[in-house]
Amino acid sequence: MKLTVSRRALFLSTAVLSLAVAVSGLPAGALAADGTIKLGLVAPMSGPNARYGAFSMHGAELAVKDINDAGGVNGMKIELLNADSQGTPVEGVSAARRLIDQDGVDFIIGDVSSSVTLAIQPVAEDAEVLLLNAASSNPKITYQAGVGGFKWTYRNYPTDENRALIVAKYAAEQRGFTKFAVLSVDSDYGRSAIAFTKKYLPDFKGEILSEDYYKEGEVDFRSVLAKIRDNGAQAIIMYGLADTTPIVARQMVELGIAGKVTLIGNGEFNTEKTIKSAPSALEGAVEAAAWLPQFDSPESKAFVEKFTATYNEAPNNHAYVHWDTVNLLAAAIKQAGSADKVKVRDALSKIKYKSPVGEVTFDDHNQARLPMILLQIENGKPSIKGAYTADIQYPAN
């Protein structure tokens, strides 16, 4: 019953929109208020990921306000409309369709969840609406974008593959590691990160000596760590859960490998709580992030100060990437000299956008070539080592 009503609503809204276009003689995008650019945001405003959605919305709101207060883009103001994906593909598709069919948006930013973004891609493609992704990391989104098929999907965010490649490159070239052990979470995220790492390690003369995965809630890693102690690994590649990292770190101390074997990957190595759990085990740990509030650039610092003053809390990664992606879209519209979605898409493909982290350009899969921040724990504190980029090797289409 629910599906029937949804389809009727969709057909009705489409029919009304088509009639309005026929009567006015204008394209659908021109039905927006004069001089207004309609921008949709699909994000989880309810459900378990609602906090991420709130940060996403606040970041986008802040960018829109700043742009509009400065006179808009080429004299046009941006109107931001949000739709709740609830963090699920089905609701995400419904949210995108409402923004397209009822609100008449030509541009959508979303979603936080990769599964939702993957579901929205064909919707945006069919409607020829520009989908800018700001926070999903599944490489498949990029594999099937641009020359991969979906011409209307762009991503202004590093993928899990970008992260794995940059960490492996830094570990090999800057730390001199060639022998690795794997201790990663047994999930799509954990296993795919290792698969990507294995894809690139041969380029850096690296080899994996042992490979182990753990289940959520697992607490005893002594046998695995003893094996790593004995096999001569220089670093443990860990893509895992934040709550697990302190347990592993403390047991590294017990087994006598703290300070001898280095943690690399992504497992919230850089938080004060994690470092305090076992400082000697975390010393030297390497992690890659899309952005950090501590990043030392004037633009990044200004964003952190303004966001904190506006919302009475410090921004997280989701706030930053959505703020930055709105500014990226505004730059593309300005470069295009028009809010026409085809012209904006073409401008985006050619853009050289100066983000607070570094210059952003797009490859032929519509994936942003953008830096990731490398940090290393030094003297018990996270130290930013710089912003690093690396081009991924796409599979054959």
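See the structure printed just above.
Owing to the predicted nature of the structure, the values given are computational and were not obtained by experimental measurement. (Residues numbered from 1 in each chain as written. Predicted model: local features only at pLDDT ≥ 70, side-chain atom pairs only at ≥ 80, totals over all residues. Heavy atoms only, no water.)

Caption draft 1: Layout of the pairing of strand β2 (residues 77-84). Here strand β1 (residues 36-43) runs beside β2; their pairing, made up of eight bridges, is parallel. By the bridge assignment for β2, valine 42 is matched with alanine 83. What joins β1 to β2 is helix α2 (residues 50-69), and the crossover it makes is right-handed. (Pairing = 2+ DSSP bridges. Helix = DSSP H or I, 4+ residues; strand = E, 2+ residues; numbered from the N terminus. Right-handed = clockwise from strand over helix to strand, strands pointing away.)

Caption draft 2: Geometry of the pattern of salt bridges. All chains considered together, the criterion is met by 19 salt bridges. Residues aspartate 296 and lysine 301 are paired through a salt bridge, measuring 2.8 Å at the closest nitrogen-oxygen approach. Here the salt bridges do not stand alone but share partners, grouping Asp186, Arg191 and Lys215 into one network. (Salt bridge = Lys/Arg side-chain N within 4 Å of Asp/Glu carboxyl O.)

Caption draft 3: Region of interest: the packing of α2 against helix α13 (residues 317-336). Interhelical geometry of α2 versus α13 gives an angle of 35° and a closest axis separation of 7 Å. Note on packing geometry: the crossing formed by α2 with α13 is right-handed. Residues Tyr52, Phe55, Ser56, Gly59, Ala60, Leu62, Ala63, Val64, Asp66 and Ile67 of α2 form the contact with α13, whose own contacting residues are His318, Ala319, His322, Trp323, Val326, Asn327 and Ala330. Of the residues in the contact of α2 with α13, the class split is 11 nonpolar, five polar and one charged. (Axes fitted to C-alpha atoms, helices over the stretch in contact; angles between N-to-C directions. Left-handed = near helix turned anticlockwise from the far one by under 90°. Contact = heavy atoms within 4.5 Å. Nonpolar A, V, L, I, M, F, W, Y, C, P; charged D, E, K, R; others polar.)

Caption draft 4: Structural detail: the packing of aromatic side chains. Tallied over the entire structure, the rule returns 13 aromatic pairs. Note on tyrosine 143 and tyrosine 394: the rings are 6.1 Å apart at their centroids and 75° apart in plane angle, and the pair reads as edge-to-face. You can see tyrosine 143 sitting in helix α5 (residues 139-143) and its partner tyrosine 394 sitting in the segment after β15 (381-388), a full 251 residues away along the chain. Judged by relative accessible area, tyrosine 143 falls into the partly exposed class, the value being 21%. Classification of tyrosine 394 as partly exposed rests on a relative accessible area of 22%. With a centroid separation of 6.2 Å and 80° between ring planes, the pair formed by tyrosine 189 and tyrosine 239 is classed as edge-to-face. Within this pair, whereas tyrosine 189 is found in helix α7 (residues 188-200), its partner tyrosine 239 is found in strand β8 (residues 235-239), the two being separated by 50 residues in sequence. Take tyrosine 189: its relative accessible area is 26%, and that puts it in the partly exposed class. The buried category is assigned to tyrosine 239, whose relative accessible area is 1%. Members of the aromatic cluster, each reached through a chain of ring pairs, are Phe55, Trp291, Phe303, Phe307, Tyr311, Tyr320 and Trp323. (Phe/Tyr/Trp six-rings, centres within 6.5 Å; stacked < 30°, edge-to-face > 60°. Buried < 20%, exposed > 50% of the residue type's maximum accessible area, 1.4 Å probe, protein only.)

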